[in-house]
Amino acid sequence: MLSAGAGALHVSVDGEAAWPYRGVHSARWSFSADAGLGAEIELVRGLDIYP
């Protein structure tokens, strides 16, 4: 069995502060990718185990 996946995540934060401090805005993008190789064992029809 082979698997593959990819995705992106955007996170942003807006901060407010009272004087004499100042608020901050920050934003970041993150990307993730994954690939896998595995085995499948069929115990009975419709019930599988993925070790």
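Residues numbered from 1 in each chain as written. Predicted model: local features only at pLDDT ≥ 70, side-chain atom pairs only at ≥ 80, totals over all residues. Heavy atoms only, no water.

Asker: Just give me the short version of the overall build of the chain, but keep the residues and values in it.
Answerer: Helices and strands together make up the secondary structure of the chain, namely zero helices and four strands. Order of helices (α) and strands (β) in the chain, N terminus to C terminus: β-β-β-β. In terms of overall dimensions, the chain is more spread out than a globule: its C-alpha atoms have a radius of gyration of 22 Å, far above the 10 Å expected for 51 residues. The dimensions of the chain, computed from C-alpha atoms along their principal axes, are 70 × 20 × 15 Å. The contacts of the chain with a sequence gap of at least 6 include a subset with a gap of at least 24, amounting to 35%. (Helix = DSSP H or I, 4+ residues; strand = E, 2+ residues; numbered from the N terminus. Rg over C-alpha atoms; globule rule 2.2 N^0.38 Å. Contact = heavy atoms within 4.5 Å.)

Asker: With reference to specific residues and values, describe unusual backbone geometry.
Answerer: With omega at 15 degrees, the peptide bond leading from Trp-19 into Pro-20 counts as cis. Counting through the fold element by element, Pro-20 comes out in the loop between β1 (2-14) and β2 (25-37).

Asker: If you had to explain the confidence of the model for the chain to someone new, which residues and values would you point to?
Answerer: When pLDDT is averaged along the chain, the result is 90; 98% of the residues meet or exceed 70. By mean pLDDT, the top-scoring element of the chain is β2 (96), and the lowest-scoring one is strand β4 (residues 47-49) (76). (pLDDT = per-residue confidence, 0-100.)

Asker: So what about the pairing of β2? Which residues, and what values?
Answerer: With zero of 13 residues buried, β2 is to be regarded as a mostly surface element. Here 13 bridges tie β1 to β2, and the two strands are oriented antiparallel to one another. Across the sheet, the residue bridging to Ala-8 is Phe-31, located in β2. (Buried < 20%, exposed > 50% of the residue type's maximum accessible area, 1.4 Å probe, protein only. Pairing = 2+ DSSP bridges.)

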